[in-house]
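Observations on the model geometry
Residue-level listing of the chains:
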Amino acid sequence: MDGNGRWAKARGLDRVKGHIEGVESVRACIEAAVEKGIEYLSVYAFSEENWNRPQEEVIALMELMMQSMKNEFRTFMDNHVRFMVLGNRARLSENLNRTIDEMMEATSVEYKTTLILFLSYSGKWDILQAMKKAQAQLSPEAFQAMELADFDQYLVTAGIPDPDLLIRTSGELRISNYLLWQTAYTEFYFTDILWPDFRKPQFFEALEEYARRDRRYGKVK
Ligand code: FPP
């Protein structure tokens, strides 16, 4: 969800105003995903590296996460959206973790679409924590015998399908430590549009482009 800061700067506004406007884009994309029957929509809201931003921005972002979750609760319930947070939750405040737990529990019934908020997440962190978890749970022999497909269950995304499409806004052409393991065969879509300007029409355009892709998974068709 890149470009919130630049969107705000272009209007002479504080960066946080860009993030606030960015939440509107998240809502528009949730509605678009529900409309299209998309089962999983993930947003990369805060990376492990984002903790290194200026303290005021980190505090403002955490506050915004908390407020937005509470504000969007009705949108989630009305649209049968299950809300999930994945990432290094040990770094989040007790208060935020409590709100997340409450929201995850309340929305985990009769859902059609799952919204995953990646918070304090990084792909390398995920792979490392998965490796440690697997080693702690398995005998040395079973750990050594582990196959590629067995590894998925130790990642924080266990049980969730790998993404079909990854959209990155604002003209950045990087993965920035997002779902490194899970995006091995994901289709990438890059756009110059800044995240606060990425709404339903832009989302549908990305889906149309995805529909034109030919996915071969390294095979010959
Ligand atoms: C990247 O733009 C955006 C973020 C680091 C934060 C995005 C978070 C939200 C929109 C909150 C979503 C929360 C909920 C609960 C729906 P940037 O700051 O890197 O912008 P720049 O690249 O222009 O500097």
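Presented here is an overview of the structure given in this document. Only a predicted model underlies this, so the values are computations on that prediction, with no experimental measurement involved.

Moving on: the sheet that holds strand β3 (residues 113-121). Within a sheet, each strand pairs with its neighbour through backbone hydrogen bonds, oriented either parallel or antiparallel. Taken in spatial order, the three strands of this open sheet run β1-β3-β2, and their pairing is parallel. Whereas interior strands pair on both sides, the edge strands pair on one side only; in this sheet they are β1 (40-47) and β2 (81-86). On average, each strand axis in the sheet is tilted by 15 degrees relative to the strand beside it, whichever way the strands run. In this sheet, β3 lies alongside β1 in parallel orientation, the contact comprising seven bridges.

According to the stated counting rule, one finds 18 salt bridges in the structure shown. Among the salt bridges present, the one from E48 reaches R91, with a minimum N-O distance of 3.3 Å. Separated by 43 residues along the polypeptide, E48 in the loop between β1 and α3 (55-78) and R91 in the loop between β2 and α4 (94-106) bring together distant segments of the chain. The shortest N-O distance in the salt bridge between D214 and R216 comes to 3.1 Å. The exposure class of D214 is partly exposed, given its relative accessible area of 43%. For R216, a relative accessible area of 42% puts it in the partly exposed group. Salt bridges linked by common partners bring D164, E187, E209, R212, R213 and R215 together as one network.

Our next topic: unusual backbone geometry. Unusually for a residue other than glycine, E110 sits at a positive phi of about 45 degrees. When you line up the elements, E110 lands in the loop between α4 and β3. When its relative accessible area of 70% is taken as the criterion, E110 is described as exposed.

Before going further, it helps to examine the side chain of N97. Considering the arrangement of structural elements, one finds N97 in helix α4. A polar contact of 3.4 Å, which involves the side chain of N97, links it to the backbone oxygen of L92. With residues near it in sequence (within four places) discarded, N97 still touches R89 and L92.

It is worth spelling out the site of the ligand at this point. The environment of the ligand is formed by 18 residues, the closest being M1, G5, R6, R15 and R53. Between the ligand and the protein, one listed contact pairs an oxygen atom with a backbone N or O atom of N4 at 3.2 Å. R6 places a polar main-chain atom, nitrogen or oxygen, 2.7 Å from an oxygen atom of the ligand. In isolation the ligand has 630 Å² of accessible area, and contact with the protein removes 93% of it. At the level of elements, α1 (4-9), α2 (15-36) and α3 are the ones that each hand at least two residues to the shell around the ligand. The biggest single contributor to the shell around the ligand is α2, with five residues. Among the residues making up the shell around the ligand, the classes are represented as seven nonpolar, seven polar and four charged.

Following the criterion strictly, the structure yields 13 aromatic pairs and no others. Pairing Y44 with Y121 gives two aromatic rings, centres 6.3 Å apart and planes at 80 degrees, and the pair type is edge-to-face. With a gap of 77 residues between them, Y44 in strand β1 and Y121 in strand β3 connect regions that are remote in the sequence. With respect to class, Y44 is no different from Y121; both count as buried. Judged by centre distance (4.9 Å) and plane angle (75 degrees), the rings of F46 and W51 are edge-to-face. According to the relative accessible area criterion, F46 is buried, its value standing at 0%.

Conventions adopted
- Residues numbered from 1 in each chain as written.
- Predicted model: local features only at pLDDT ≥ 70, side-chain atom pairs only at ≥ 80, totals over all residues.
- Heavy atoms only, no water.
- Pairing = 2+ DSSP bridges.
- Helix = DSSP H or I, 4+ residues; strand = E, 2+ residues; numbered from the N terminus.
- Axes fitted to C-alpha atoms, helices over the stretch in contact; angles between N-to-C directions.
- Salt bridge = Lys/Arg side-chain N within 4 Å of Asp/Glu carboxyl O.
- Buried < 20%, exposed > 50% of the residue type's maximum accessible area, 1.4 Å probe, protein only.
- Polar contact = N/O pair within 3.5 Å; in protein donor to acceptor, adjacent residues only side chain to side chain.
- Contact = heavy atoms within 4.5 Å.
- Near = heavy atom within 4 Å.
- Areas by Shrake-Rupley, 256 points an atom, 1.4 Å probe, with all protein chains shown as cover.
- Nonpolar A, V, L, I, M, F, W, Y, C, P; charged D, E, K, R; others polar.
- Phe/Tyr/Trp six-rings, centres within 6.5 Å; stacked < 30°, edge-to-face > 60°.

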